[in-house]
Amino acid sequence: MNEPAALLPLLPARSATVTAMQPCCRAELFLAKGHFVMFALLKCRMRAVLSAVFCLVIALALPALAETPEPFDLPVEKLTVMAGGKEHVFTVEVASNDIERGRGLMYRTEMAEDAGMLFVFEGEGDRYFWMKDTPLSLDIIFLSADGTIVRVADNTTPFSEKIIPSRAPAKYVLEVLAGTSKRLGFAEGDKVATPSIGQ
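Just so you know, these numbers come straight off a predicted model, no measurement behind them.

Some thoughts on the overall build of the chain
Part 1 of the argument: The helix and strand inventory of the chain stands at 3 helices and 9 strands.
Part 2 of the argument: Secondary structure elements in the chain, listed N-terminal to C-terminal, are α-β-β-α-β-β-β-β-β-β-α-β.
Part 3 of the argument: Counting every position in the chain, which comprises 199 residues, the buried fraction comes to 33%.
Part 4 of the argument: Long-range pairs, those at least 24 residues apart, make up 69% of the contacts in the chain between residues at least 6 apart in sequence.
Part 5 of the argument: Carbon together with sulfur atoms contributes 63% to the accessible area of the chain, which is approximately 12,900 Å² in total.

Quick look at the structure:
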């Protein structure tokens, strides 16, 4: 606190020194305030940068953190395709209800060459499939009630939402890895046999 002006002449030399130093003290205080403001601004900016970095890390991590549904524990059976005078045997999972058929091979990233999935419906009818959430390229084979191939939709596009129709009444649909039909010579009119067909 400053001394009253009337007492200044009576003060010893020390008071003059103090008075002379006051401008310096004000300057130092001003500089201190300036440093404080700069520090506060830097601190705010650092918080903003750290918040942005944190949000970016979370955004990038979300896809990895998203849980991929576990495959259903479906019944498995042997399936035989008779094509080109030869029998080709596959081990297939059987999807026989709406929930199982709705999931199908979604989210699967690998499958053996002699594996597949058989979709079983209640009766013959027009069937429509797509490749939503399906990383694997597949051959989709539509079968009539007696197991005759009525259409082969080969080399489907992963993740595509384009509708793939049976183009003929089908009761069963077989999915195998893309290229299997061409490699083994599957064609319309070929027969497929498995315990689920004809039941």
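Focus: the sheet that holds strand E5 (residues 138-143)
Part 1 of the argument: The mixed open sheet is built from 7 strands, whose spatial order is E6-E5-E8-E3-E2-E1-E9. Across the chains shown, the open sheet's two edge strands, defined by having one partner strand only, are strand E6 (149-153) and strand E9 (191-193). Strand-to-strand, the axes of this sheet are offset by a mean angle of 30°, without reference to chain direction.
Part 2 of the argument: Here 3 bridges tie strand E1 (residues 76-83) to E9, and the two strands are oriented antiparallel to one another. Directly across from Val81, in E9, lies its bridge partner Val192.

Thoughts on the packing of aromatic side chains
Part 1 of the argument: Summed over the entire model, instances satisfying the criterion amount to 4 aromatic pairs.
Part 2 of the argument: For the ring pair Phe90 and Phe186, a centre distance of 6.2 Å and an interplane angle of 70° mean the geometry is edge-to-face. Of the two residues, Phe90 is situated in strand E2 (residues 86-95) and Phe186 in the loop between helix H3 (180-184) and E9; the sequence distance between them amounts to 96 residues. Both residues of the pair, Phe90 and Phe186, count as buried.
Part 3 of the argument: Relative to Phe142, the ring of Phe129 has its centre 5.9 Å away and its plane inclined at 85°; by these criteria the two rings are edge-to-face. Taken together, the positions of Phe129 in strand E4 (residues 128-129) and Phe142 in strand E5 put the pair 13 residues apart, joining distant regions of the chain.

Considerations on a nonpolar patch on the surface
Part 1 of the argument: On the surface, Tyr128, Trp130 and Ile163 cluster together into a nonpolar patch covering about 340 Å² of accessible area.
Part 2 of the argument: Secondary-structure assignment places Ile163 in the loop between E6 and strand E7 (164-165).
Part 3 of the argument: Judged by its relative accessible area of 48%, Ile163 is partly exposed.

Quick word on the nonpolar core
Part 1 of the argument: By size, the foremost hydrophobic cluster in this structure holds 19 residues, and its most contacted members are Met111, Phe119, Phe129, Ile140, Phe142 and Val173.
Part 2 of the argument: Elements represented by at least two residues in this core include exactly strand E3 (115-125), E5 and strand E8 (170-177).
Part 3 of the argument: Counting residues per element, this core draws most heavily on E3, which supplies 4 residues.
Part 4 of the argument: Ignoring any residue separated from it by four or fewer positions in sequence, one finds Phe119 in contact with Ala95, Arg101, Gly104, Phe129, Lys171, Tyr172, Val173 and Glu175.
Part 5 of the argument: The next biggest cluster of nonpolar side chains, apart from the first, holds 17 residues, and it includes Ala83, Leu118, Leu143 and Val176.

Some remarks on the pairing of E6
Part 1 of the argument: With 4 bridges connecting them, E5 and E6 associate as antiparallel partners. Its bridge partner lying in E6, Ile141 is registered against Val152.
Part 2 of the argument: Between E5 and the antiparallel strand that follows it, E6, lie 5 residues; Gly147 among them carries a positive phi value of about 90°.

Looking at the pairing of E1
Part 1 of the argument: As defined by bridge partners, E1 adjoins E2 across 8 bridges and the pair is classed as antiparallel. When the bridges of E2 are listed, Thr80 appears paired with Val89.
Part 2 of the argument: The turn linking E1 back onto E2 is made up of 2 residues, and Gly84 within it adopts a positive phi angle of 60°.

Cut-offs used in this document
Residues numbered from 1 in each chain as written. Predicted model: local features only at pLDDT ≥ 70, side-chain atom pairs only at ≥ 80, totals over all residues. Heavy atoms only, no water. Helix = DSSP H or I, 4+ residues; strand = E, 2+ residues; numbered from the N terminus. Buried < 20%, exposed > 50% of the residue type's maximum accessible area, 1.4 Å probe, protein only. Contact = heavy atoms within 4.5 Å. Areas by Shrake-Rupley, 256 points an atom, 1.4 Å probe, with all protein chains shown as cover. Pairing = 2+ DSSP bridges. Axes fitted to C-alpha atoms, helices over the stretch in contact; angles between N-to-C directions. Phe/Tyr/Trp six-rings, centres within 6.5 Å; stacked < 30°, edge-to-face > 60°. Patch = residues over 30% accessible without salt bridge, like charges linked within 9 Å, V, L, I, M, F, W, Y side chains within 5 Å. Salt bridge = Lys/Arg side-chain N within 4 Å of Asp/Glu carboxyl O. Core = buried A, V, L, I, M, F, W, Y, C linked by side-chain atoms within 4.5 Å.

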